[in-house]
Amino acid sequence: MTRVALIGAGKMGISHLAILGAHPDVQVVGVADTSKIVTDVLGKYSSFECFADYEKMLEKTKPEAVFVAAPTKYHGTIVKELLQKGIHVFVEKPFCLNVNEGAELVQLAKLKGVVTQVGYHNKFIGTFEEVKKIVDSGAIGAIEHFTGEAYGPVVVKKKQDTWRSKPEEGGGCLLDYASHVIDLLNYLV
């Protein structure tokens, strides 16, 4: 049984929590979120121990792995702290907001010998797995040119002013949305 905690119980955090909570080999030892509404509801209607402060959660629950689904501007700080403690990390994309911080975190993960994964999930979707097999088999020949496009409300509609839309907080459209396409193209070709 792997002891796992979650930091950030918003949209993606709740999605991860549902999967983790149902996994037979995972024990969810804590959930941290700064929203009292979220932690009150989870505390009342689930068996998860909830915390307003992720550092207190880490200290009390001693997880082996942590899922980080907090806003992007906090990823670097949180991931660094987890890695320094020797805790395995799954972090939502993007990893962090600048390449130098990312390189530092990669080196720290190697130094500590812990697993670190960023939440790019498209390559695990059956359609794209099949495309990868076809490309790798050579059945369509050498790839000379490709196009990648992303559509959705993040791209085509003006959104309200949130952390996601601010490049200095969420990376803006490129890091928050188009990064899935870039990751998928890197995987496929």
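Each remark here, short or long, concerns the structure printed above.
So, here's what we can say about the structure. (Residues numbered from 1 in each chain as written. Predicted model: local features only at pLDDT ≥ 70, side-chain atom pairs only at ≥ 80, totals over all residues. Heavy atoms only, no water.)

**As for a nonpolar patch on the surface**
A contiguous nonpolar patch, built from I134, I140, I143, F146 and V189 and spanning about 440 Å² of accessible area, is present on the exposed surface. As for its placement among the helices and strands, I143 is situated in the loop between α6 (126–137) and α7 (153–156). Judged by its relative accessible area of 36%, I143 is partly exposed. (Patch = residues over 30% accessible without salt bridge, like charges linked within 9 Å, V, L, I, M, F, W, Y side chains within 5 Å. Areas by Shrake-Rupley, 256 points an atom, 1.4 Å probe, with all protein chains shown as cover. Salt bridge = Lys/Arg side-chain N within 4 Å of Asp/Glu carboxyl O. Helix = DSSP H or I, 4+ residues; strand = E, 2+ residues; numbered from the N terminus. Buried < 20%, exposed > 50% of the residue type's maximum accessible area, 1.4 Å probe, protein only.)

**What about the pattern of salt bridges?**
All told, the structure shown has six salt bridges when counted by the stated rule. A salt bridge links K60 to E49, with the nearest nitrogen and oxygen atoms 2.5 Å apart. On the criterion of sequence distance, the pair formed by K60 in helix α3 (residues 54–61) and E49 in the loop between α2 (36–45) and β3 (50–51) is long-range, its members being 11 residues apart. Classification of K60 as exposed rests on a relative accessible area of 55%. Salt-bridge contacts for D136 lead to K132; the nearest nitrogen and oxygen are separated by 3.4 Å. Linking D136 with K132, this pair stays in helix α6, spanning four residues, or about one helical turn. Residue classification places D136 among the exposed residues on the basis of a relative accessible area of 54%. A relative accessible area of 18% means that K132 is categorised as buried.

**As for the packing of helix α4 (residues 75–84) against helix α5 (residues 99–112)**
At their nearest, the axes of α4 and α5 sit 9 Å apart, and the two run at 15 degrees to each other. In this view, α4 runs roughly parallel relative to α5, as classed from their interaxial angle. Relative to α5, α4 is oriented so that their crossing is left-handed. When α4 is examined against α5, the residues G76, T77, V79, K80, L83 and Q84 are found in contact with a partner set consisting of E101, E104, L105, L108, A109 and K112. When the residues that make up the contact of α4 with α5 are grouped by side-chain class, the tally is five nonpolar, three polar and four charged. (Axes fitted to C-alpha atoms, helices over the stretch in contact; angles between N-to-C directions. Parallel < 35°, antiparallel > 145°, perpendicular 65-115°, else oblique. Left-handed = near helix turned anticlockwise from the far one by under 90°. Contact = heavy atoms within 4.5 Å. Nonpolar A, V, L, I, M, F, W, Y, C, P; charged D, E, K, R; others polar.)

**Quick notes on α4**
Most of α4 is tucked away, with seven of its 10 residues classed as buried. Turning to α4, its buried residues are H75, G76, I78, V79, E81, L82 and L83. Close packing links the buried residues of α4 with β1 (2–7), α3, β4 (65–68), β5 (88–91), α5 and β6 (116–118). Backbone geometry just after α4 places G86 at a positive phi near 75 degrees.

**Brief notes about the packing of aromatic side chains**
Applying the stated criterion across every chain yields a total of one aromatic pair. Measuring from ring centre to ring centre gives 4.7 Å for F67 and F90, while their planes differ by 25 degrees; the resulting arrangement is stacked. One end of the pair, F67, is in strand β4; the other, F90, is in strand β5, with 23 residues separating them in the sequence. When sorted by exposure, F67 lands in the same class as F90, which is buried. (Phe/Tyr/Trp six-rings, centres within 6.5 Å; stacked < 30°, edge-to-face > 60°.)

**Focus on the nonpolar core**
Formed by 24 residues in total, the largest nonpolar core has its most connected members in V66, V68, L82 and L83. Elements supplying a minimum of two residues to this core: β1, β2 (26–32), α3, β4, α4, β5 and α5. Considering each element in turn, this core owes the most residues, four residues, to α4. With residues near it in sequence (within four places) discarded, L83 still touches V89, L105, L108, A109, K112, V114 and T116. Among the nonpolar cores identified, the runner-up in size contains 14 residues, and V4, L6, L17 and V26 belong to it. (Core = buried A, V, L, I, M, F, W, Y, C linked by side-chain atoms within 4.5 Å.)

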